[in-house]
Structures are given as structure tokens and as C-alpha cells.
Amino acid sequence: MPRLLLHLALLLLLSHGFPAIESQQQLFREYIGAEGVNVKFSDVPINSSVEFHFILSFAIDYTDSSRPTPTNGIFKPYWDTQNLALSQVSSIKNKHPNVRVAMSLGGDTIGEHNQFVFFQPKTPKTWLHNAIDSITDIVQAYNLDGIDIDYEHFMPGADPDTFADCIGKLIMYLKGKKIIRFASIAPFDEDVAQRHYIALWNKYGHLIDYVNFQFYSYDKGTDKKKFLQFFDEQSRNYRGGKVLASFGTDNSGGLKMAGGFLEACDQLRREKKLHGIFIWSADDSKKAKFRAEIESQTFLAAPSSIE
């Protein structure tokens, strides 16, 4: 279809929703490729009894110059494309039928000086047109299954309604044209970010399959009781959504494995609240030989509770 007609096709989709992906397997997701440590898909242990999503981190609508600047929705891969190339995507999916691969949009920073990545469309219509074109190209080039939304900074002019409409219509088009199978969002505990993501959820939540809430954004030393309180709070904010439990294997906060993360997940599972687990990130887990990934997947694959 000619690109000039994309926005017309989008209008035809505005009144339609799309069903979420359903699986009998428990869901495990992992971000990968953001930190330049030469981690490969094949390095990460994969349990055949879970549904496993790798999330490439990140595709960003910025230039790759020494002083990155916004490109108004023209995305390009910024993950480790040498070790996580198309051939590696095809290889891991062929070897493990339970594996899906997505890419995350945005992220926290870019470049050697860790410059913040902002959501800042020049005009929403142009941003959406560019985003549809560039993301479609990347998804098809890499044989990806889905996208994740992880913008963490917002320019003053990029108000919550603008963010909701740009991202919501992007997901709507990509799903409607069967370019992607699933979409997720990655909100975190910060007032400005929450206003943007909750606005998106309230208007387009029926199109979002998973909520990758960054529970590691909470303070270090979070205990099991506080984690469960935070989980219930975010489940109310994203009511009806599949909010995933999460932790970081870096130096971030939240509830860690050693503090009882899987015990908390076991309680959520008994209460029928556990929709899956995700980890930030494979890059950080490499040095510990992916012990957290092995333990998390073993827990998800096991029918019994932790004693």
C-alpha cells in the first residue's frame, strides 16, 4: 500500500479492537542488548515449558551522531546489532519454538554521554506516519513478533493525550495490519511517566497485551510485603491488564531474588494474580551466568508452590 495512504487506512481501524495473545504456558520476558557486553540470545538459558520473550533494547527515534538529536518518529536499532542480528533472531526462534522476539522503543538514555531520550513529536501526524514506516521496516527486517513502549522522558509539549494518541494509534495500525502479534508498555513509579502511561492505558488499554511495570524503580531494600502492595497498586492503575512481576539483575532497586522475589510471586500465583515475570536485563545477568533467569523460569514451569 502506498505510504501516503497509511494514515487513511489507520482511520478505518480506529473503531476496532484486537484480542490479546493467549498461551497455556507461563510467560517469561527479558530485555537484552542495551549495554554492549556482547550477550547473545544463545547465551541465555531457555526453559521449553515457558513462553519466552526476548525484548531487544532499544529502537530509538534519534540520530546516531556524537550529539544525538530527535528524528520525529524515524526509528533505528540501537541494540547490539552485531551479536543480536537478523540471523541470530531466526536461529533462536528456529531452535526454540516457544521463543518470541520483540523490540522496545525509547529507553532512558542514548550515546556515550547518556543523553536522555525524550518523546517529543514535532507534529503528532508526522511522528505517527514516520513511526509506522520505520517500525514496520525494522519488524519485517528482523522477523520480530511485537513491540514494547519504554519512553521514560517527555518534553513539556508532549502531553499525556498526545502520547496516548501517538502510541495508541501506532499499536492499532501495527496490530490491524498483522505486522505485530503483541504489544507491551513499560511504565514505572514516577509521576510524569505515570500520567502519560495511564492516559495511554485508559484510552488504548484494550490493545496492550502486557504491562511490564518496572518494579525495580522502587527503592532498594523493598521487602516482600511492600512489593505485594506495589503490585496491587499498579494492578489498580492498569486495571484489567496483565501486569508482570519484575526485578533487575543490575544495581537497581525493588525486591530482589535474595529478598524473596519468587516467594512473593508464589503468593501472587496462589491468588491468581501472576501473569508472568520479566527481568532487566540479560546484559547484567551474564556475569552471574543467568542464575536468576534459570530460577525464574523453573518457578514458572513448576505447578507447585515454593515451600
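Residues numbered from 1 in each chain as written. Predicted model: local features only at pLDDT ≥ 70, side-chain atom pairs only at ≥ 80, totals over all residues. Heavy atoms only, no water.

Per an unreviewed UniProt entry, the protein goes by GH18 domain-containing protein and derives from Linum trigynum. Reading the Sequence similarities (unreviewed entry) entry of the UniProt record for the protein gives the comment "Belongs to the glycosyl hydrolase 18 family." (UniProt positions renumbered as here; feature names shortened; annotations may be inferred.)

A.B. asks: Please clarify how the packing of aromatic side chains should be interpreted in this entry.
C.D. replies: The description of an aromatic ring pair rests on the distance of the ring centres and on the angle between the ring planes. Taken as a whole and assessed by the stated rule, the structure comprises 28 aromatic pairs. Each ring, one from tryptophan 79 and one from tyrosine 142, has its centre 5.2 Å from the other, and the planes form 75°; the classification is edge-to-face. Of this pair, tryptophan 79 sits in the loop between β3 (76-77) and α2 (86-95) while tyrosine 142 sits in helix α3 (residues 124-142), and the two are 63 residues apart along the sequence. Owing to a relative accessible area of 14%, tyrosine 142 belongs among the buried residues under this scheme. Relative to tyrosine 218, the ring of phenylalanine 215 lies with its centre 6.3 Å away and its plane at 20°, an arrangement referred to as stacked. For the pair phenylalanine 215 and tyrosine 218, a shared accessibility class is recorded, and that class is buried. Over the aromatic face of phenylalanine 299 sits the side chain of arginine 269, whose NZ or CZ is 4.1 Å from the ring centroid. (Phe/Tyr/Trp six-rings, centres within 6.5 Å; stacked < 30°, edge-to-face > 60°. Helix = DSSP H or I, 4+ residues; strand = E, 2+ residues; numbered from the N terminus. Buried < 20%, exposed > 50% of the residue type's maximum accessible area, 1.4 Å probe, protein only. Lys NZ or Arg CZ within 6 Å of the ring centre and 35° of its normal.)

A.B. asks: Looking at this structure, how should I read the environment of serine 281?
C.D. replies: Among the structural elements, serine 281 can be located in the loop between β13 (277-280) and α8 (282-285). Look at serine 281 and you get buried, because its relative accessible area is 1%. If we ignore the near neighbours within four places in the chain, the residues touching serine 281 are Glu30, Tyr31, Glu35, Thr249 and Glu293. At a separation of 2.8 Å, a polar atom in the side chain of serine 281 contacts the side chain of aspartate 284. (Contact = heavy atoms within 4.5 Å. Polar contact = N/O pair within 3.5 Å; in protein donor to acceptor, adjacent residues only side chain to side chain.)

A.B. asks: Teacher, can you tell me more about helix α5 (residues 191-204) here?
C.D. replies: With 14 residues, α5 should cover 20 Å at 1.5 Å per step; its first-to-last C-alpha distance of 20 Å lies within 8% of that length. Three or more residues of α5 are buried, namely Ala193, Gln194, His196, Tyr197, Ala199, Leu200, Trp201 and Tyr204. Against β8 (146-151), β9 (153-154), α4 (160-176), β10 (182-185), β11 (210-211) and α6 (224-237) lie the buried residues of α5. (Expected span 1.5 Å × (residues − 1).)

A.B. asks: Sorry if this is basic, but what is going on with the pattern of salt bridges here?
C.D. replies: Two side chains bearing opposite charge may form a pair once their charged atoms approach each other closely. Under the defined criterion, the tally for this structure stands at eight salt bridges. The partner of aspartate 165 in a salt bridge is lysine 203, with the nearest N and O atoms 2.8 Å apart. Here lysine 203 lies in helix α5 and aspartate 165 lies in helix α4, a separation of 38 residues in the sequence. According to the relative accessible area criterion, lysine 203 is partly exposed, its value standing at 47%. Here aspartate 232 ties to lysine 273 by a salt bridge, and the two come within 3.1 Å at their closest N and O atoms. Highlighted residues: aspartate 232 in helix α6 and lysine 273 in the loop between α7 (261-270) and β13, separated in sequence by 41 residues. (Salt bridge = Lys/Arg side-chain N within 4 Å of Asp/Glu carboxyl O.)

A.B. asks: Which parts of the structure should I look at to understand the pairing of strand β1 (residues 26-32)?
C.D. replies: On a regular strand, one side chain projects to one face of the sheet and the next to the other, so that they alternate. Counting buried positions along β1 gives six out of seven residues, so the element sits mostly inside the fold. Two elements, β1 and β13, share three bridges in a ladder whose sense is parallel. When the sheet's bridge partners are listed, arginine 29 is paired in β13 with phenylalanine 278. (Pairing = 2+ DSSP bridges.)

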